[in-house]
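# Observations on the three-dimensional arrangement
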Amino acid sequence: MVFPMENRDEYYMRCALMQARKAAENEEVPVGAILVYQDQIIARAHNQVELLKDATAHAEMLCLTMGSEYLGNWRLNDVTLYITLEPCIMCAGAIMQTRVKRVVWGAKDIRLGANGSFVDLFKEKHPMHQVEIVGGVLEDESAFLLREFFQNQRKKDGQCTKKPS
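For the structure given in this document, a descriptive report is provided here. Everything quoted here is computed from the prediction, not taken from an experiment.

### Description of the side chain of S68
By the secondary structure assignment, S68 is in helix α3 (residues 59–71). Relative accessible area serves as the criterion here: at 17%, S68 is assigned to the buried category. The residues contacting S68, other than those within four sequence positions of it, are N73, W74 and L76.

### What to know about unusual backbone geometry
Leave glycine aside and you will find that most residues have negative phi; peptide bonds, for their part, are mostly trans. With a phi close to 60 degrees, E27 is a non-glycine residue in the positive phi region. Here E27 shows up in the loop between α1 (5–25) and β1 (32–37). The backbone of L138 sits at a positive phi, close to 55 degrees, despite the residue not being glycine. Position of L138 among the secondary structure elements: in the loop between β5 (132–134) and α5 (139–159).

### Observations concerning a nonpolar patch on the surface
Together, I89, F118 and L121 line one region of the surface with nonpolar side chains, adding up to about 250 Å² of accessible area. Relative to the helices and strands, F118 is located in the loop between β4 (102–107) and β5. A relative accessible area of 46% means that F118 is categorised as partly exposed.

### Considerations on the nonpolar core
Side chains of nonpolar character tend, in soluble globular proteins, to be buried together. Judged by nonpolar contacts, the single largest core of 29 residues is most densely connected at L35, L64, L81, I95, V100 and V103. For L35, the contacting residues outside a window of four places in its chain are Q40, I41, I42, A43, C63, L64, G67, L76, V79, T80 and L81. The next biggest cluster of nonpolar side chains, apart from the first, holds 13 residues, and it includes A16, V36, L138 and L145.

Conventions and cut-offs
Residues numbered from 1 in each chain as written. Predicted model: local features only at pLDDT ≥ 70, side-chain atom pairs only at ≥ 80, totals over all residues. Heavy atoms only, no water. Helix = DSSP H or I, 4+ residues; strand = E, 2+ residues; numbered from the N terminus. Buried < 20%, exposed > 50% of the residue type's maximum accessible area, 1.4 Å probe, protein only. Contact = heavy atoms within 4.5 Å. Patch = residues over 30% accessible without salt bridge, like charges linked within 9 Å, V, L, I, M, F, W, Y side chains within 5 Å. Areas by Shrake-Rupley, 256 points an atom, 1.4 Å probe, with all protein chains shown as cover. Salt bridge = Lys/Arg side-chain N within 4 Å of Asp/Glu carboxyl O. Core = buried A, V, L, I, M, F, W, Y, C linked by side-chain atoms within 4.5 Å.

Pasting the structure below:
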């Protein structure tokens with residue numbers, strides 16, 4: 001399939017949103033990621049922090065690992081990473097380390113976003129590698145999933161706050 005870039009970004013972000021929904025179904029923070037190489041999805045992942053009891057099991061970290069395995073190389077020079085949430089500091093570092101060519105993200109992360117919402121790790125020119133970044137693709141859909149998830153979590157937490165008398 002060959003799409004104009006704008007449509008391509010929306011198409012692949014919808015695939016990432018499907019992964020985010022899987023995360024929510026498993027009571028994980030609904031973040032999904034897709035890794036694309038030569039217009040083919042080579043990795044899909046969603047947050048698995050709770051399942052794996054591992055704070056580093058973010059969707060994009062899992063995707064980068066799968067992509068490296070698929071390509072047989074830790075350098076991901078020609079891939080695009082689609083993420084439903086602005087990457088955090090940890091994930092931004094991994095994106096730079098693996099030399100991802102392009103990142104497309106959905107909703108802003110004001111708590112930990114590393115592309116300007118909290119800090120901007122990508123603004124400094126790196127001597128060996130620049131990451132092209134596009135933010136805000138399908139932002140409303142991505143933000144809605146997160147809002148809905150956290151509202152439901154607060155409702156669950158509120159149901160068991162009083163001790164029986």
